[in-house]
Each structure stands twice: as structure tokens, then as C-alpha cells.
Amino acid sequence: MLPPNPTAPWLPRTEGGNRGHGENRVVRAGVTGTTMQQVVQGAERIDSAQTARPVSRRLSRTLALLRPLPLLLLLALLVRRESGGNAEVAAEPDASRALAHALGARHLEADPREITWVDRPPGVLGSRFREPRALLRAHAPGEPADIYLATVRMSPEGRLLELTGLYDISDTSAVDERELAVHGEHAAWTIAGGGKTYSIHLADLRGEAAPKGPGWTRMARFQQSITNLQETGQRAGIAKRSFKLDPAANHAVLAFTDAALLIDADGRKIRIPTEGNGPIEGQHFLREQEYHPARPGNVVTWAVDRVRALPWFGSDRMQLVKAVAFAGLDWVQRVVGTVTGDDGSSRVADELGDLVNAPLAEFTDPETGWPPAPMEPMLSPPLEGEGKWRPLDKDPFILTNPGAPAPFVTSFIRTDHKRAYSQIFVTMWDPRQVALHTMSGTVEPKSATGETGPGLVPRKPEVIGRLLAGFNGGFQATHGEFGMMADGVMYLPPKPYAATVAELANGDNGFGTWPDDEKVPEDIVSFRQNMTPLVMDGTINPYKRNWWGGVPPGWTDEARTVRSGVCMTKEHFAAYFYGSSIDADHLAFAMQRARCVYGIHLDMNPGHTGLEFYRTGLDGTLPDVGHELDPQWEASGKVTNMPGYSFIGRRMLRYMGLMNFPRYINREARDFFYLTLRHVLPGDNVPTAVKPAEPKEGTWQVKNLPQHGWPYAVATTWVRPDAKRHETKVRLLELDPHTVQVGGKGPLVATFAPPAAEAPLTLWLDGGRASIAAKAPSSTAIALARGAAAAPTAVAALGVDGRGMLLYALVSTAPEPGRDGELLHQLLGRLGCKQVLILPEPLGLALGGDRDLSGHPVAEPKGAIRLVRHRAPGAVRIFDQTPIVDPKEWYPLQAKRVRYFRKPKPAEPSEGAGTEPTPAP
């Protein structure tokens, strides 16, 4: 829930003073957290860049003495007990009724008939040492029910004396937990809403297996056990499994045997073993969602979350602690900066390491439009290299496309005249080469239906092999419940007027403000939201938000801490922003200087924000970085759950405080974005079988071809594929289906002769994808050519390689039609084509409509299929018709708690039946 404005939530805060050359004033909203330990770390990072300054070193040593305080504070808070006893509870002889009374004191309603005791009464001696557990179904008035685990203190006679612990072990906000069944240490329940049962959840109170794998140190396991203790009352936690019913059931009944959970879902029989790893009977009726614990953060960020989760402490008090810490650190930094005259140049050198010596981009390539023009500095005099882009084409940690420019550039800029030592670092990428994807964490965002994400970049060669980077997502669900969907799975529904970055079905990445409509367009496969836009169409904070996180509502100044953001520029590039001591105003100014037309404020605070580059490959294939890895910001290792693959990686900056480095190459608890390298032409050169190769043999050519834009649409070469046939040459054409479409008014790239009337196989072009199949993949697919997998004679062949590129091979000299089918099949197979279409006649292809592959003039055939230039996938604006509205209109919509289903009004309970929660309003 968004925190309310203490006066009127729709009124922007007005403050005196001009913050930055007449730019639009940024007002604030948002929330996340930090502690004094992060203040210490932030001060130390700044001081480490000024090692020649004894004042900074003494300050760092003094603050370092405070390091144990967060952990000691946490442990003290965790042992605090809240009494749940009262006279009414103690007077009730029935333990279940007494527990229901105790729950009422916590504003929860429970039917005693739906309370099951897991443990027996402790007896005379046990009552002093044991706290019996109970499982129950309870709900707040007007809310759907959740499943709770309660621990109590009992008298020797078996009367309930005190409710010592209460743990919501299902924790959903929009659906109803029903049909609780308990057998020994096992429990199961259904998730229902809208009259349907959607999933079954199974819990084992004996605990979960100890986590293993990279990063699970003794300290991490200790942190996990304390988290389990706080969330479940047990250091071993609760082992959980969940199963989606397919299809959803109108009625489901659960029961246990000693060894299995039995489910009857509309007559469909399912048996799930509760012991061992036996097979599930009726498995085709459901789909299991696996739970994988992700590593906890460093001690500080983890302690913050643990303290924040205490019901009597909460986010508001944490915001107060943060505000004081941020203000104190900013005061210290300003004093040190004034005394030393620090302009930030030494920190830039420390953060960039050897990258500071990388050549600067001198101009923008007119053909590609990349890299962009420099950012114009705000502070004078500018630092060396400030605002100028450093291409990362020589960076061994970054995979690049052969023959293509660097996909990333990086730079920095200062935007705060009062704090010249503070910089904002920017990494920009070309979305025509780099695709952005969303991934939900194993814990965040917390779904209203209880579903969580895998928290892991898909372990597929086509994804892992092209992985470039990962960076943080937006705020936690508790801080606004901003929408998220990943790969078609909805975790939190979209919120109106929320700043959104999306992945579209055609490969585009979209940036825009979600309209006042909860419907998700069919072409959106993933999206992530966070607050309202920070920058839109050149305007800072167009929706007049008055709080951007880090301080309690009502504070007159913005917290200066680590902040991050992502934007789309007017050139349709994308950029990630990171500053270690900034407020939202100056983050927005940096976006303006980078010419962002749409900017989104992402997560904030040390440990939660940062970007990491990765390069992956089969074992033994990764490049030598040329030096011993610096563990401060460089790493290498095996790719988990991907046998045979290794990685090297580095942080965007040397002292970036992102926790759990390397983070996004492993399983992650919080949502994040990851970047992959798109395939563009020309690709790797074609090896020749005849040695030595002739000039230009096997080398793809892209010049003087009808490209009509970048990325390139076509590339050509020739090769001698058979060492025994020196005179036989094969001409090759490579065509990117993403860059062309059939028909239209665009510039002409190529024409195809009308395909043969009948043949076993067809080459189809369908919305930027080429495929070979007997039947059309969709009603919109266009047939480009027809042929067969094999033929007695052949002169040409077609194939689609693993990158999705269309390859055309034509025997141009010394043909042997009876043998050329096998020759072409083997050649295209070596180039990655799993399926080949053999042609007995040339395709009738004309580049630009008037030239064959050798460059000779040809006439366009009658009825030719015309391929015209089409924009390749990149970054685009979406929802550009969403109006700018007053805060009094968007704020109530974003402040609403998430609801997926409207609960039907329940029937009156019959005698002996459990009560149902009141319908949700």
C-alpha cells in the first residue's frame, strides 16, 4: 500500500528554491529501506576513494565501530515477546475456542472447528518447555482466509494460557484458502476464488532441506534459519509444494493417508506421495510449481528486512531510521567534500578501474546512429570524460555480435551543484542488439495468489549462451504492489498510471504509462511497473508525485542514497542509471541529459541496486581477461543448473554495493531484469573446405546491398564447401526475417519468384519468423518457396539456422545436380540449419528486385513476392495515449490493495459447517 500523504495525498509539496537551472521541480513518492550499517558502508566507499585524506580515514574507522549494531539490534528485537493472554482466553476450557478468542484480540476471525492441533497437550513437565502448535484457517473481517500456524503456552491441565506465536504460512491477499486438511506433520489446503479451485498447497512442518550450492555459506544458512524462525516459528522452516490444477476445479476434496495426499478434483483422482520421491498419480491433471530458496542478502540488508517485518516495528519506523541515517551521512559527506575540495574525479577513477582508460567515442556512426551524442555536463568545469561515451567493445566480460558495433557504452555525469563529489553512472545499450526481459524472484514480488517466480535466468542454451547482464527491478510488493508479469505469468496485476517497461511478443521493449484499464494487451508477454514516470516526453515528474522513497511522508527533504532507474532515449536507446548518494531530482536531471523521453525510477538503497555483466559459454571457451580477477568486482564460476557451462562476470562499477555478487547469474529472491544479445547480421564467417581460401571467400558482405537501415537485412558470400571439388562454388544469402515483411510501402529488399504449386515442404514467413514445415504455422504465414527434404537433382537449398536467420545456397559453378543435394544439405547443416529445403530449380531471388546473387541484372518475375524493409525489434513507446491526470485521480487507483477475484456472497452456514469469510468489498 502506498503511504498516505499526511495532509492531502493529491497535493504536491511546494518548496522554495530553484534546484537546477530552472528544470521542473521533482516531487516525491515511493519506499524501500536501509540502516546505519549501509551508511557506514557508503561512507567507507567514498573515503576509500580519498585515501590521501586522513580526515576521511579516521571517520571511516570511527564509523566501522558501529558495524555490529544492526545484527545486535535484530537479535534483541527477535527475542521480544508479545503477550497474547487475557482473562477470557484463560477461562475457556476448550483449547480451540480459547485460541479463537486469542485470535480475536489480533483482529482475526477463526472457527474453532477449523483449528487442528498438531501437537498433543504438553502435560505437567512439558508445559514449562514445550509450546504446542495448531494449524488453522483465519481471516480479517471482510478479507479472504489464510492458513496460520499458531504456537501457544498451555497449563498442565491443558488450558491455553498464551498465544506465543502466529505465522501466516500461506500469505495471500486476493484469494481464499479452503479445505484445510492436516495429518501429523503434513497439511494441505486449496486456493480458490471466483467459484473455482485453482491450486493445491502441501506443507511439511518437519522443515525444509538445508540449502546448498554457490553462496550458501554458514552465515547465509544461519540467516536463512533466523528468517525461517521469524516467518514460521521454526528454524528449519516449512517445506512447501504447490500444484496448479489444469483445468481449475469447481469442487475439490483433500484427504491424507499415512504416505500420500489424495485429491478429488471434479472426479479427477490425484495421489501425491508425502514421503520420498515417488511418482504422482494423475500428474497430467496438475502442474507443480517448484520452490527454491534464494540466498539472503548481506547482514545489513537482511537485518533491515527482518526488523521491518516485525509487526510492531514496520516500514514507517524503518523509514524514520533511514531518514535520520541518510541526513547524517549527507551532512558528513558535504563537510568532507567542502574541506577537501573533492570534485569526484578520484572516485570516478576508482569506480571505473581500467575502463577509465578506454577510448572515448568521437562521433556517431551515420549508418547505425550509434553511439549517441555525449551528455552535456551540468557542472563547470566538467571532469575529464564526463558525459562522453566509452564503448565496451573490447571488454572481455561482454559478448558482442561479429561485425557489429559495441552493444554497450558507459559514462558518468554530475547533476548536483552542492555536491560536486557525487556522480551518476550510466550504462546505455542499443535495443536493436540487446533484448530486455523480466524475471520474478522466489520471494518478490509477493503474488496476491501466493505464486512466486523461479528467480533464475532460463537455463536454456539459447538464453544462457547470449546472456549479457542483469540489474535490479522495482520496489517490493509491500511498497505499492506495482504490477509484474513474466513470460505470461501474472504475479501482480497492472496499476493505472504506473510507469511500465514491457517485453512485447514481436521482441520490442516498450516504455510507457499504463492506462486506467486492468486488461493486459495480448502482445505483452512480460512487464514491470514502479510508481509513476520520473521523466516523460522531456518533463520531469509529469504526474506530480510527492514522495520518491527513503524518508517518511511529510519530510521536507529527499533522502540521498543509492538510487537506480531505466529509460528510453529519443534515439530509441535504453539506459540504466546508478548513483550512490542522490535524490530523485538529480536522477531525473541525469535522465534529461541523456535525452530520455521516458524514465522510470527503479529500486533504491545499497545492496538492492546494481548491474552486473556476464559472459557465458561452454567450459574452456571463455576468453582470457588478461589479468587475475579482482574479487572486489570480478568473478568466474560454473553456471548452476547448466552442466558444461561457465561464466565470467563483473559489476558495472568496482565499489557498487550490490549484495550477493555475482547475483543474477544465480537464483535470486527479488525480481530483476536480464539482458540478452540479439542476433544480427552478418554473423560468423563461413569456413571453406579448400585451403588456402581465396580473397573474400566465406566472408559475409553487407555493403552495396539493399539494407535500407540497420541492423542489416541481408548479407552475401560464396564458399567452396567440398575439398574434393575445387571448382564448385556455392553462393550464399543470409536474410534476417525480423527486418522484412511481405508487401507494404517500405523500401524493397528482395523479391521471390512465386513458389511451386505443390511440394512436401514449404518455407514460411510469419511475423518476423521463418520456418520450414508442411503446414502453415498460422493463418497469417506467407509461403516463400516449396521443395522437399531430399530430391534426385538439386541446384539450390534453403534453411533456417539456430539464430532464426534464413539461408539460401545456390550452386553457381561446376554443378553436379545428382550430387549437389547432399553437398548443400551438409553445408547448411554446418551453418546450423536443422532442417533443409532442397530446390530442383533456382529460387528466382532478386536483391532490390533487380540483381541476382552475383550482382548481375535480372528482371522481376511476374507475381513476385516482394519483401520490403521493416523496423527490427528495439525500444518503442507504448500507451502513449495515456493522459496526464491530477494526483487526486491516479493516487487512489494506485493505493488500492490488489484484488484478482471478487468473492461471491457465501451461503448461510449450515449446522456443523465451517464459516466462510465475509465477501471482499
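Structural data are supplied above this passage.
A brief structural summary. Remember, predicted model here, so these are calculated numbers, not experimental data.

Brief notes about the overall build of the protein chain
Tallying secondary structure elements over the protein chain gives 14 helices and 44 strands in all. The burial tally for the protein chain puts 56% of its 921 residues in the buried class. Considering only residue pairs separated by 6 or more positions, the protein chain has 70% of its internal contacts joining residues 24 or more positions apart. Entry remark: accessible area of the protein chain is about 38,400 Å², with carbon and sulfur atoms responsible for 54%.

Overview of a negative patch on the surface
Together, Asp516, Asp517, Glu518, Asp886 and Glu889 make up a region of like negative charge exposed at the surface. Within the secondary structure layout, Asp516 lies in the loop between β21 (509–513) and β22 (524–529).

Looking at a nonpolar patch on the surface
A contiguous nonpolar patch, built from Trp331, Val335 and Val339 and spanning about 340 Å² of accessible area, is present on the exposed surface. Residue position: Val335 is located in helix α9 (residues 314–340). Val335 sits in the partly exposed class, given a relative accessible area of 35%.

Some thoughts on the packing of aromatic side chains
A full pass over the atoms with the stated rule returns 15 aromatic pairs. Centre to centre, the rings of Trp514 and Phe527 are 4.9 Å apart; their planes meet at 40°, and the pair counts as tilted. With Trp514 in the loop between β21 and β22 and Phe527 in strand β22, this residue pair connects regions lying 13 residues apart in the sequence. Of the residues examined, Phe527 reaches a relative accessible area of 0% and is grouped as buried. By the ring-pair criterion, three or more aromatic residues cluster together here, those being Phe408, Trp429, Phe471, Tyr576, Phe613 and Phe673. The ring of Trp718 carries the charged tip of Lys729 above its face, separated from the ring centre by 4.5 Å.

What about the nonpolar core?
Within the largest apolar cluster, 61 residues are counted, with the highest numbers of intra-cluster contacts made by Phe408, Trp429, Leu468, Phe471, Phe511 and Leu675. In terms of residues, this core owes the most to one element, strand β31 (residues 672–677), which gives 5 residues. Leave out the neighbours within four places in its chain, and Phe511 touches Thr500, Val501, Val566, Cys567, Met568, Ala574, Tyr598, Ile600, Ala875, Val876, Arg877 and Ile878. Counting 32 residues, the second-largest nonpolar core is a separate cluster that includes Phe475, Met531, Leu534 and Cys596.

Reading the values: rules and limits
Residues numbered from 1 in each chain as written. Predicted model: local features only at pLDDT ≥ 70, side-chain atom pairs only at ≥ 80, totals over all residues. Heavy atoms only, no water. Helix = DSSP H or I, 4+ residues; strand = E, 2+ residues; numbered from the N terminus. Buried < 20%, exposed > 50% of the residue type's maximum accessible area, 1.4 Å probe, protein only. Contact = heavy atoms within 4.5 Å. Areas by Shrake-Rupley, 256 points an atom, 1.4 Å probe, with all protein chains shown as cover. Patch = residues over 30% accessible without salt bridge, like charges linked within 9 Å, V, L, I, M, F, W, Y side chains within 5 Å. Salt bridge = Lys/Arg side-chain N within 4 Å of Asp/Glu carboxyl O. Lys, Arg positive; Asp, Glu negative; His and termini not counted. Charge placed at Lys NZ, Arg CZ, Asp CG, Glu CD. Phe/Tyr/Trp six-rings, centres within 6.5 Å; stacked < 30°, edge-to-face > 60°. Lys NZ or Arg CZ within 6 Å of the ring centre and 35° of its normal. Core = buried A, V, L, I, M, F, W, Y, C linked by side-chain atoms within 4.5 Å.

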